[in-house]
Each structure stands twice: as C-alpha cells, then as structure tokens.
There are 2 protein chains.
Amino acid sequence: MFESAEVGHSIPKDEYRVREPKLREALLKAQYDLLAKAKFPVVIIIGGVDGAGKGETVNLLNEWMDPRHIVTRAFGEVSDEEAERPPMWRFWRALPPKGRIGVLFGSWYTQPIVDRVIGKTKAPALMQSIEEIRHFESMLAAEGVLILKFWFHLSKEAQKKRLKSLEKDPKTRWRVTDTDWARFKIYDRFREISEHTLRETSTGEAPWFIVEGTDPNYRYLTVGTLLLEAMQKRLADKNGGGSSFKPAPLEPVLDKHNVLNALNYKQSLTRAEYARRLEKFQGRLNLLTRDPRFRNKSLIAVFEGQDAAGKGSSIRRITGALDARHYQVIPIAAPTEEERAQPYMWRFWRHLPRKGRVTIFDRSWYGRVLVERVEKFCSEYDWMRAYHEINDFEEQLVRNDVILVKFWVAITKEEQLKRFRERQSIAFKQFKITEEDWRNRKKWGDYERAVCDMVERTSTEIAPWNVVPANDKLFARIEMLRTLCERVERAL
Amino acid sequence: MFESAEVGHSIPKDEYRVREPKLREALLKAQYDLLAKAKFPVVIIIGGVDGAGKGETVNLLNEWMDPRHIVTRAFGEVSDEEAERPPMWRFWRALPPKGRIGVLFGSWYTQPIVDRVIGKTKAPALMQSIEEIRHFESMLAAEGVLILKFWFHLSKEAQKKRLKSLEKDPKTRWRVTDTDWARFKIYDRFREISEHTLRETSTGEAPWFIVEGTDPNYRYLTVGTLLLEAMQKRLADKNGGGSSFKPAPLEPVLDKHNVLNALNYKQSLTRAEYARRLEKFQGRLNLLTRDPRFRNKSLIAVFEGQDAAGKGSSIRRITGALDARHYQVIPIAAPTEEERAQPYMWRFWRHLPRKGRVTIFDRSWYGRVLVERVEKFCSEYDWMRAYHEINDFEEQLVRNDVILVKFWVAITKEEQLKRFRERQSIAFKQFKITEEDWRNRKKWGDYERAVCDMVERTSTEIAPWNVVPANDKLFARIEMLRTLCERVERAL
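Residues numbered from 1 in each chain as written. Chains lettered and ligands numbered in written order. Predicted model: local features only at pLDDT ≥ 70, side-chain atom pairs only at ≥ 80, totals over all residues. Heavy atoms only, no water.

Student: Got a sec to walk through the packing of aromatic side chains? Specific residues and values, please.
Tutor: On inspection of all chains with the given rule, the structure shows 44 aromatic pairs over all chains. With a centroid separation of 5.5 Å and 65° between ring planes, the pair formed by Y344 of chain A and F348 of chain A is classed as edge-to-face. By the burial criterion, Y344 of chain A is buried, and F348 of chain A matches it. Between F91 of chain B and W108 of chain B the ring centres are 5.6 Å apart and the planes differ by 85°, which places this aromatic pair in the edge-to-face class. Placement of the pair is F91 of chain B in helix α4 (residues 89-94) and W108 of chain B in the loop between β3 (101-105) and α5 (110-117), with a sequence separation of 17 residues. (Phe/Tyr/Trp six-rings, centres within 6.5 Å; stacked < 30°, edge-to-face > 60°. Buried < 20%, exposed > 50% of the residue type's maximum accessible area, 1.4 Å probe, protein only. Helix = DSSP H or I, 4+ residues; strand = E, 2+ residues; numbered from the N terminus.)

In structure tokens form, the structure reads like this:
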C-alpha cells in the first residue's frame, strides 16, 4: 500500500511556480462557494509518520485559503472533561459546521494505532476500533460530510534522513524530540499496523490518500489538488452527495401481535400501595446515586412514549429522588440553528453527563425513527440508517460506564382519548393539549408500527427497551423507578 | 444584616399545608409563561452557611416546578479546561438561555469570600472582587436577566445544633464532613466577611434575600414566594425589565481633529523593504509563540476597521507566521440563535483560547459600539453601557495572562472609494463588494464618530488601541506584525 509513496515523487520548482497560483485561486473560490452555500462541511484528516510534512501542509492550506473559515484542531492530551466521556466526544466537539472546513490534526485513528503499536492493545481491539471508525465515517458521509483522509508517508530511510536534517538546522532543531527517535525505532511495526488500519478503513465514502512526504512541492500540490477536486465535485453535485442507497423493505406485519398490544394494560396500584413503594424506591435510588461506586459511572435515562402517556410526571418522580446538583433533564424539541449545521447525533453528544451525574432525556435520538419517520421530516434512507447509528452510539455509552436505561411509556388509544378530553376540560391543563396532539393521534397506526420497528431494531442486550404499560400512571411510575434501581444496582 | 434571620422564623405545619399547593401551582404557571415568552432568563444564586437547607430548597424548587426547564449547576473543583481561562468563564458557560431558570449552587461569590476567610487574600482583593461582581450583575440585569440571590443563614448556635442533629441520624450522617466542622470553627470570620460582601453587592437590580434556615417550612415558602413575585412582576412588565436609565450625552465635537484624521496616511513601504521586514517579523512572531514561556500565556488579537481596510489580508500575514494547530480565527458575523438567547458578551466568552494558544477575532465585541450603534440595532442605553462592560471583560482577560492586542485598521474615505471600484472591476473580487458596503459608506461620518468614541473610552493602559494607517497595505501589515511582536515580547 505504501510502495507507491516510496518512489521518489517530486515536482520541479518551475512547474510548482506555475501551478501553485492557479490551484490557490481555485481553492479559495471553492472555499467561498462552500461557505456561501453552507450545504455541507469538509473534514480533512491528517495522519502519517513524523517528519513527513504534516504540519507544513496544514499551515499551507490555511495560507492558500481563508483561515477565517477553517477550523484546525490538534488533539493532544485528553482534558479531564474529555476523559469523563466516551473517547469520541472530543471529536464530536471539534466537527466543523456546514460551510466550514475542519482540519483534524490527529484524529480517531491516532489512539487505536498507537495503542496497538506499543502493545497496549491486542489485534481484536484494533479490529473493533476499525469497525467503529467505519461506522462513524459512514454516518458522517451519510450526513453529507465530505471526508478526505491524508496519510503522509516516508520510507524508513527517508524518515531517518529527514529527522537528521531537521536536527542539523538550528532553526528546526526544536522540532525533533526524543519521542521522535523513540518512534523511529518502531518504524516497521508502526508501518505494518498503519497499513492494515488504512486498508481496512479506506472506503468509497471516506478514502485514504497516501502522500509521499519527501518532496514538499509534490506533497503540497497533491493535497491541494485532491482537496480541490473533491470540493468542486461535491459543490457541483445537485444531490448534495446524498447516497442513492435504497434500504431493504421492512418485515411485513403478518398478524396483529406486537410489543405494544401484547402488554397487560390492566396492571394497577392502589394509592396506598403506590405511596409505600414510591418512598421505598425513591429512597433506594437516592442511596444508589450517592454510592461511592457511582462516582465512576453515569446514568442516562431515556423517556419516549405516546402523547399524554405521562412521561413528564414520571420524570418528576425520578428527579424527586435525586439531588438537583447531580442531574440534568434535557427536553428534546426542534434542533437549534447550530445543531442543524451538524450531523443528527451531534445534539445528543453535547449533553452527555460527566462521571457521577445523571442525565434524563425527555424524548431523545429516537425522534428520528419515530416522529421524523412518520411525519416524513427525513428521508427513508436517513431513518433506516439511524437504527444502526443509534446502536453504535449506545454501545459507546455503555462501554464507557454509562448506565443506559430506555423507557417506552405505553398507553392504549382509548386511554389517550380519555386523557386528551380530561386535559381540555381542566383549565390549568389546557396548555398541555394542542392541535398537533390531535393530528398525531390520527396517525396512531403509523406510530405504532414505528415503535415496534424501533424496539425490534434497537433493543439490544446492552441497552434493552423497557416497554411499560401506563394506563395506570401509578403502576407505571413505580415500574420505572424499580427498573432504574435494578439497573443501577446491577452496574455497581 | 443577619439579625433578622436569627429571630426564629417559622411557619406552622397547617399553614404550610394550605399555602404550599397554591404557591406550587402559581410557580409552575409562571415557569410556563416564562418558557412560552422566552424573553428573559432567571438566575437564582444560592449561597450561605452549611446546614441551612440550601440543597433541600434547590431540590424542592425542582420538584415544585418542571425540572425539564430548570438548569441546576453546582460548582465544584475547577476543571482543567476552566483553569486555563479567566475565573468567570465557568459561570458564563452555565448561564441559562432566555425562557429558562438557572439555579447556581455556589457562584461567583464563593471563591472571593472563601479566599478572604482563610486569609489567602487581603481586604483590597475582596474589594476588587466585589466591584467586579457588581459590574457583572449590573450587566446581566441590563441584558434583561432576572437575578435573585438567596443567602441561607443560621446563627452560630443553630448551625451547631443542625450539624449535630444531621450527624445523629444515620440517614443524614453522610452529609456532615470534617470540612463542615472545620468551617464551623471559623463561623465568626465567615459571618463577618459574608455580611460585608452581601451588603456591598445587594443592589436594586440584584438584591440579596437573607433566608433564615432553621425552619424548613419558613425557608421553602420564603424562597418560593420571593421567586414567584419576582417572576410575576417581570412577566407583567411591558418593558421587559429594561432600564429607564438615560445615558449622559457624549462630549460634543468642537473641532475637526480626531484620532483618525490625525494619522499620517502617507507612510508606505517599498515591495523590497516589505518582503524583508515581513520575513523578519513573521520569523520573530513564530519564535515568540513557540517560546516555552508562552505556554502559560495566550494571545488574543482583535481586528476592526472600515470596509476594505485590509483586515483579512493582514490577518493572513499573521496566521502565516503561526502554526495552524495553535491558532483559531473567529470571524464575527450575526449571532446564532443560541447566542441571541444569551447576554451580548456570551458569544465572545465561548471562544476564549486555552493557554499557549492564539485567537484572532475578525471583528469583535466592539460591534456593539460600532455597527450596532450606527445602524441602531441596539438602544443607546445598550451601547453606552457596552464601553464599561468591554473594559471589564478585557481587564479579566489581561489579568489572566491573556496578551490582548487591538487594531483599528484605518483608511481614508478616498482610499476606500478607490478600493471599492477596484473590487467591482476585478472578476474574482466582486464577491467582496456588496450593496451593504455602499450603504455603510454613506454613513462614514457616523462611523468615524463611533470609532473616535470607542478609542477614547476603551483604549486603556492594559489594552490600548493601535490605530494603524492602512492606505498603504504593506506599511500597515508590517506595523501590525511589529506591534504584535513587541506586545508578546514585553509580556514574556
């Protein structure tokens, strides 16, 4: 794979002088087009061996284009705020919004490769990282992000020469550290692991470009030209790069049984029994979240359910058990302007709790496969791929000591009608019932189908759905409190 | 000041039972009104002695109202990302947007009081903190934030009793730590310093309410009622709480001399001299930002200037000297939706650099006293108070090892005309000239006046304005590079 980048590519000075100004002007124009249309962001990933000119190339890109609209991020030490979230959190934070170019110096590739090279991880761990990266980049591509990945390569001999020549010049000596030489010693292993990783992650939607790093002119023109062509092609694309992928049809519904109508909605509690259990489980949840072992965990509870199913009042029974300093409730409504300029999942990543904290989502990332699917706010392709993306996301959470508990608060169609009418007749509850609620109700069947598909596709062993019959509110609240307690207990 | 909170206030259980449900319903209604109108945020500050029921009260507020629209933040240890910015940064991050209630558990009061109590700081430092807090809260109030500050008080005797009773009960024992008893020992000093601080910061726009902490019923009803009344009053206020303050008139302009026309616009450089100096100063700036001593500093460069003055090209000469991994250019355009829901300065605070980094603002917080003033995008009151707020902000930056360099890039009216015409005639520069530029040009006099006022009021010894004549672009670029180098050198 690297052989083609060891052939001594070079561009003579004269040729460079002719081509550079044209490339530069075209790049600047493409950048302004991108900015004006603001239809998609560009993510440029920079990786490769030391001394192959990564830094210089990034600087030059910033010089050629307008640096005001480029966001360059280098990923050094993990900050403590980053360390308390899943590893991908710091990259989500750094994604450029639509219309901008983000240059990621070091990226989601660095840690998996380095860990494997120094023997901190074994082959299966690297394989898993590779798989995750493929999913992640595939999601970015589906969201319209233009991804370009550049790997700067030097042969072993060339790297040695380069490091020595940098060391000789007093002006560049500072750039060569002991770490560089230590890394040079493991060149072969680094090369082998990198090659494997690159091969496995060079996909049609996010290909790797190997750039020979010896000759600066060659390096600069290569990166510049590849970037220009990719941007021009995408800017000219009327479909905005959207995939032409046609999802497979969903399983047909052959009988009337499903996870919703299989529930026993008759379950109920008396007021007295409710009060007794409420105190018991609230006390237990309170103790559990104050347990010293909880300081290394965090809890995310997701509430979804039909309109008027009682999500809000259930959430209040849970927050009532917690210390207000340790939880946040995130009500999910329409995305803000900054959120709309990012991939769909971005607005959930930004709310992930630190260790020892609780975050409750009142509606969640499942909006995509529920309301957005039914109301056709997104394409079939978008909500079909969401199942997979959601599973990936939740797996990352759980693997990073998040206790994830998902509730579908379920009521029957008759019960909903009763509650809607009740709301209309009680003055201080009228604000809770709108025209939209009645409209949604007309699509009961579509929503039911969406819920069943969702449960089928996203109820995983690590993050199962808890479908709770809630025709009796008291029963449902206790059921959810009890489930939360059990899940936290099991995790500690 | 605390005497009235040591008289043994209490509310009998029966009375509480009657009043609580009404208060609760009214609070919830006020909260939904606030949310629906989304005209202003509510900031509730919670301070006071340990064991006076701060935590319980905050939990109760979250229980009474809808916790989904309350953002409760407790400020524990400073994270490393916070430690690298001015102390107020963490509070700016935590401000609730319009329509929401933010409960700040611990606040900008904690550190100044604690530092003084333990003798880490002396009286003048506390005085300075108090002065800064007054300015900060005055700014919040002017931005429409409804501020309520609650101080939970217990007499020395009552605190002792409370801590002992908490310790006796196995269910609450965990809440009393050694720190609590250590703090109890310095009760008198804590009381004295707190009292002083509260007295000095209890202003008309952000008053303190002292709440006697002994009786829970009294405590809860007091806080709830005060909050309700303040919210209801503000919600009913047609002016949205905006101040009726009439600013003093600006000094009249009696002659034609000002900082702009006093400049020597004839200064220029030859191409050759420019090339020589460019290399010299870019090299110097590069070395300076790589100096180990720079790792504890950060650099913020602000660029303002007339349209077509050459801000963009000057910025590119500066970024050309820097490593792309260490700087960010922030172009300031219209605020986003999330930014509009916050006080004016919020969108600049969010971009403050970490240590060892450079942030370049292409236009800045000065927009308020320039374009917003001239185009009447904000009221006279808003831009008049901005001078003061800006000086406060910049002082915080400089005190926290930010090297702040501000440039006004100045051209004459004739030079601007020449450049506008040039832009119109060159194909690839046409996107740089719009109708708006011509419109702005018609208000040249108003802008000139605004610039002169700005320089007069915000050119301080810690953050002076550098007004650079830029009819000759080459001269101006070198002038700015040289100034940057000098300022960084002096700071190291």
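Student: Residue-level account of the sheet that holds strand β6 (residues 298-305) of chain A, with values.
Tutor: Residues and elements named next belong to chain A. With respect to topology, 5 strands assemble into an open sheet ordered β7-β8-β6-β9-β10, the strand pairing being parallel. Sheet topology places β7 (327-331) and β10 (465-469) at the edges, where each strand pairs with a single neighbour. For this sheet, the mean inter-axis angle between neighbouring strands, taken without regard to orientation, is 20°. Sheet strands touched by helix α19 (residues 444-458): β9 (402-410) and β10. Its angle to β10, the strand with the most contacts, is close to 145°. (Pairing = 2+ DSSP bridges. Axes fitted to C-alpha atoms, helices over the stretch in contact; angles between N-to-C directions. Contact = heavy atoms within 4.5 Å.)

Student: Please provide a residue-by-residue account of the interface of chain B and chain A, values included.
Tutor: Contacts between chain B and chain A engage 51 residues on the former and 51 residues on the latter. Approximately 4,000 Å² of surface area, both sides summed, lies buried where chain B meets chain A, with 48% of it carried by carbon and sulfur atoms. Summed over the three residues of chain B that lose the most area to chain A, namely R68, R316 and R325 of chain B, the buried surface amounts to 17% of that side. Inspection of the chain B/chain A interface yields 6 salt bridges. Measuring nitrogen to oxygen at the nearest pair gives 2.4 Å for the salt bridge that ties R68 of chain A to D362 of chain B. Connecting chain B to chain A are 22 residue pairs in polar contact (both at pLDDT 80 or more). Elements with a contribution of two residues or more to the side of chain B that touches chain A: α1 (13-37), α2 (54-64), β2 (70-74), α3 (80-83), α12 (311-319), β7 (327-331) and α13 (337-340) of chain B. (Buried area = accessible area lost by both parts, 1.4 Å probe. Salt bridge = Lys/Arg side-chain N within 4 Å of Asp/Glu carboxyl O. Polar contact = N/O pair within 3.5 Å; in protein donor to acceptor, adjacent residues only side chain to side chain.)

Student: Could you give an account of the packing of helix α11 (residues 271-290) of chain A against helix α20 (residues 473-491) of chain A, naming the residues involved and the relevant values?
Tutor: Residue and element names in this part refer to chain A. Two elements in contact, α11 and α20, have axes whose closest approach is 9 Å; the angle formed by their N-to-C orientations is 25°. In terms of their interaxial angle, α11 and α20 are classed as roughly parallel. The two elements α11 and α20 meet at a crossing, and its hand is left-handed. Residues R271, Y274, R277, L278, F281, Q282, R284, L285 and L288 of α11 lie in contact with α20, whose contacting residues are L474, R477, I478, L481, R482, L484, C485, E486, V488 and E489. For the contact of α11 with α20, a count of residues per class yields 11 nonpolar, 1 polar and 7 charged. (Parallel < 35°, antiparallel > 145°, perpendicular 65-115°, else oblique. Left-handed = near helix turned anticlockwise from the far one by under 90°. Nonpolar A, V, L, I, M, F, W, Y, C, P; charged D, E, K, R; others polar.)

Student: Got a sec to walk through unusual backbone geometry? Specific residues and values, please.
Tutor: Residue and element names in this part refer to chain A. The backbone phi angle of A308 is positive, close to 70°, even though this residue is not glycine. Here A308 lies in the loop between β6 and α12 (311-319). Under the relative-accessibility criterion, A308 is labelled buried at 8%. Backbone geometry at K376 places phi at a positive 60°, although glycine is not the residue there.

Student: Tell me about the domain arrangement of chain A, and name the residues and values.
Tutor: All names here are of chain A. For chain A, the assigned domains are domain 1 (3-236) and domain 2 (271-491). Summing both partners gives a buried area of about 2,000 Å² for domain 1 against domain 2, and 53% of it is carried by carbon and sulfur. The interface formed by domain 1 and domain 2 holds 4 salt bridges in total. We note a salt bridge from R399 to E132, for which the minimum N-O separation is 2.7 Å. Seen at the junction of domain 1 and domain 2, the total is 12 residue pairs in polar contact (both at pLDDT 80 or more). Broken down by secondary-structure element, the contributors of at least two residues to the side of domain 1 that touches domain 2 are α3 (80-83), α4 (89-94) and α6 (123-142). If you tally residues by element for the side of domain 1 that touches domain 2, the top one is α6, at 6 residues. For the side of domain 1 that touches domain 2, a count of residues per class yields 12 nonpolar, 2 polar and 7 charged. (Domains from an automatic or database assignment.)

Student: So what's going on with helix α7 (residues 156-168) of chain A? Which residues, and what values?
Tutor: Residues and elements named next belong to chain A. Its 13 residues give α7 an end-to-end C-alpha distance of 19 Å, which sits within 8% of 18 Å, the value for a rise of 1.5 Å per residue. Within α7 the residues assigned to the buried category are A158, Q159, L163 and L166. End-on view of α7: buried residues confined to an arc of 130°, all on one side of the axis. Away from the buried face of α7 by more than 90 degrees, exposed residues E157, K161 and K168 are located. Structurally, α7 contributes buried residues whose contacts are with α8 (178-185) and α9 (187-201). (Expected span 1.5 Å × (residues − 1). Arc of directions from axis to C-beta.)

Student: Outline the relation of the copies chain B and chain A, supporting the account with residue identities and numerical values.
Tutor: Rotating chain B by 180° and moving it 0.0 Å along the rotation axis overlays it on chain A with an RMSD of 0.1 Å. As the rotation angle and translation indicate, the two copies are arranged about a two-fold axis. Taken together, the interface assignments show that 100% of the residues at the interface of chain B recur at the interface of chain A, consistent with an identical surface on both copies. (Least-squares fit on C-alpha atoms with pLDDT ≥ 70 in both.)

Student: So, the environment of V259 of chain B: which residues are in play, and what are the values?
Tutor: Turning to its location among the elements, V259 of chain B is positioned in the loop between α10 (216-236) and α11 (271-290). For V259 of chain B, a relative accessible area of 36% corresponds to the partly exposed category.

Student: Kindly report on the confidence of the model for chain A, identifying the contributing residues and their values.
Tutor: The predicted model of chain A averages 91 in pLDDT, with 96% of residues at 70 or higher. Scoring of the predicted complex yields 0.83 for pTM and 0.78 for ipTM. (pLDDT = per-residue confidence, 0-100.)

Student: Describe the packing of helix α16 (residues 380-399) of chain B against helix α19 (residues 444-458) of chain B, with residues and values.
Tutor: Residues and elements named next belong to chain B. Between α16 and α19, whose axes approach to 10 Å, the crossing angle comes to 45°. Between α16 and α19, the angle falls in the class oblique. Seen along the crossing, α16 lies across α19 with a hand that is right-handed. Side by side, α16 and α19 meet where M384, Y387, I390, N391 and E394 of the first sit next to D453, M454, R457 and T458 of the second. By residue class, the composition of the contact of α16 with α19 is 4 nonpolar, 2 polar and 3 charged.

Student: So what about the pattern of salt bridges? Which residues, and what values?
Tutor: Counting across every chain of the model gives 84 salt bridges over all chains. Across the salt bridge formed by E82 of chain A and R93 of chain A, the nearest N and O atoms sit 3.4 Å from each other. Placement of the pair is E82 of chain A in helix α3 and R93 of chain A in helix α4, with a sequence separation of 11 residues. For E82 of chain A, a relative accessible area of 13% puts it in the buried group. With a relative accessible area of 35%, R93 of chain A lands in the partly exposed category. Across the pair R191 of chain B and E6 of chain B runs a salt bridge, and its minimum N-O distance is 2.4 Å. Here the residue R191 of chain B occupies a position in helix α9 (residues 187-201), and E6 of chain B occupies one in the segment before α1, the gap between them amounting to 185 residues. Linked by salt bridges that have partners in common, E143, R368, E372, D382, R385 and E389 of chain A make up one network.

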